[in-house]
Number of protein chains: 2
Amino acid sequence: MKTDRGLLLVISGPAGSGKGTVIKSLMEKSDSFSYSVSATTRAPRPGEINGVNYHYITKEDFQERIANGGMLEYTEYCGNLYGTPKKEAEEVLLGGKNLILEIEVEGAMNVKKLYNEAVLIMLLPPSFAKQEERLRGRGTETEEKILARLAQTKKELAVAENYDYVAYNRDGGADDTADDILAIVRAEKLRLSRNPDVATRYFE
Amino acid sequence: MKTDRGLLLVISGPAGSGKGTVIKSLMEKSDSFSYSVSATTRAPRPGEINGVNYHYITKEDFQERIANGGMLEYTEYCGNLYGTPKKEAEEVLLGGKNLILEIEVEGAMNVKKLYNEAVLIMLLPPSFAKQEERLRGRGTETEEKILARLAQTKKELAVAENYDYVAYNRDGGADDTADDILAIVRAEKLRLSRNPDVATRYFE
């Protein structure tokens, strides 16, 4: 039997949604997930290895890949570009592993455009009030930064309807939310739209 | 918080797919499912109670309900009509319970037409060869009947692409297949299309 193609999962969520904790729990629960090595235009730091930490490429190469649809998503940070090469993602998926991209809403929309098969999951705190409470509870950010993050959330929610799924991450509920995501993966693999040749294969 | 509406699940599968065993396992695993009382035109047998075993109604009443879209699905058996009244199904769903209809493909298509929210699951043996082996292994049916069931399967598979999900029920795998269906239920409840007011509710 041929290896079933992995799922490309995009997980987005505003500050305070607990994405990191949920993804950590997910990795502990299942070995069906894999990472892809990102590409960057920044210089390698001492000890970093090309192809392991990142693929270190030039700005020209990076921009050419963007133009050719060779980057699933990318972002600029401190003057450097970071992104997921389509080729890297494809290798993971062909190997039968599921790939998680933890990215912001603009990147997610770009992935969906290039990869209609991608499954977009929006992770949310239980409510806006609870999100604000979590951000203030951290006690590490300035009021200005907190307000900026909350304002950003309103923008993110405005495109939420383009996502496939929404999961709410309750306080202490990362384990449960990871189970939500595992259920989504299991169900998606059974969708007829991912098994178009079901009748043919059945009679083989 | 208001009770979330239950899911209407339609499960179809050819003879030998093990629907009965899978649904039994599903009921044992979760109390989120409920039954609806069917309607029939046959006379009550001694001891049967109207509204408990069946809603016993006249043929005219039954046919009027079909014409008015008041029957989610129905079938004729030995000259009597049997069906699921939409009102009964609606009560279960509004109560937050999931409702399973174990019906054939024509009925399933009718349900989907009346209830676009319905989730259609096709349950299959691992392969046609395995299905034939199971049917013959029962040793209770005539060769003619077995061939008729296998021929029927080809017709059923031809409409499989209209289903939402396909699950394969391996030998001894009813428990695992029930878990597939539980994952489908869990994932479907998180679909954005079932939570259209997500942004509004988040900021309430």
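Our subject is the structure that appears above.
Treat the numbers as computed from the prediction; the structure is a model and nothing was measured.

1. Focus on the sheet that holds strand E5 (residues 71-77) of chain B
Residue and element names in this part refer to chain B.
- The strand order across the open sheet formed by four strands is E4-E3-E6-E5, and the pairing between neighbours is mixed. If you trace the sheet from one side to the other, it starts and ends with strand E4 (55-56) and E5, each paired once.
- In this structure, strand E3 (residues 39-40) lies alongside strand E6 (residues 80-85), joined through two bridges in antiparallel fashion. Paired with Ala39 across the two strands is Gly83, which belongs to E6.

2. A few points about the sheet that holds strand E5 (residues 71-77) of chain A
Residues and elements named next belong to chain A.
- Here four strands make up an open sheet; going across it, the order is E4-E3-E6-E5 and the pairing mixed. Each edge of the sheet is formed by a strand with only one pairing partner; in this case those strands are strand E4 (55-56) and E5.
- The strands touched by helix H3 (residues 86-94) are E5 and strand E6 (80-85); relative to E6, the strand with the most contacts, the crossing angle is about 30°.

3. Considering the interface of chain A and chain B
- On the chain B side, the residues contacting the 25 residues of chain A number 25 residues.
- Taken together, the elements giving at least two residues each to the side of chain A that touches chain B come down to helix H6 (143-158), strand E9 (165-168), helix H7 (174-189) and helix H8 (198-203) of chain A.
- In terms of residue count, the dominant contributor to the side of chain A that touches chain B is H7 of chain A (five residues).
- Tallied by class, the residues present in the side of chain A that touches chain B amount to 18 nonpolar, two polar and five charged.

4. Side note on the packing of H7 of chain A against helix H7 (residues 174-189) of chain B
- One can describe the packing of H7 of chain A onto H7 of chain B by two numbers: an axis separation of 8 Å at closest approach and a directional angle of 115°. With respect to H7 of chain B, the axis of H7 of chain A lies roughly perpendicular. Between H7 of chain A and H7 of chain B the crossing geometry is left-handed. Of the residues in H7 of chain B, those in contact with Asp180, Ala183, Ile184, Arg186 and Ala187 of chain A of H7 of chain A are Asp180, Ala183, Ile184, Arg186 and Ala187 of chain B.
- For the contact of H7 of chain A with H7 of chain B, a count of residues per class yields six nonpolar, no polar and four charged.

5. Quick word on the pairing of strand E8 (residues 119-124) of chain A
Residues and elements named next belong to chain A.
- The element E8 is largely enclosed, with a buried count of six among its six residues.
- The alternating pattern of E8 places Val119, Ile121 and Leu123 and Leu120, Met122 and Leu124 on opposite faces, both of which are buried.
- Across four bridges, the pairing between strand E1 (residues 8-12) and E8 is parallel. Note on E8: the bridge partner recorded for Val10 is Leu120.
- Across four bridges, E8 lies against E9 in parallel orientation. Of the residues in E9, the one forming a bridge with Leu123 is Ala167.

Definitions and cut-offs
- Residues numbered from 1 in each chain as written.
- Chains lettered and ligands numbered in written order.
- Predicted model: local features only at pLDDT ≥ 70, side-chain atom pairs only at ≥ 80, totals over all residues.
- Pairing = 2+ DSSP bridges.
- Helix = DSSP H or I, 4+ residues; strand = E, 2+ residues; numbered from the N terminus.
- Contact = placed C-beta atoms within 7 Å.
- Axes fitted to C-alpha atoms, helices over the stretch in contact; angles between N-to-C directions.
- Nonpolar A, V, L, I, M, F, W, Y, C, P; charged D, E, K, R; others polar.
- Parallel < 35°, antiparallel > 145°, perpendicular 65-115°, else oblique.
- Left-handed = near helix turned anticlockwise from the far one by under 90°.
- Buried ≥ 20, exposed ≤ 12 C-beta atoms within 10 Å, placed from the backbone.

Distances and angles like these do not, on their own, reveal function.
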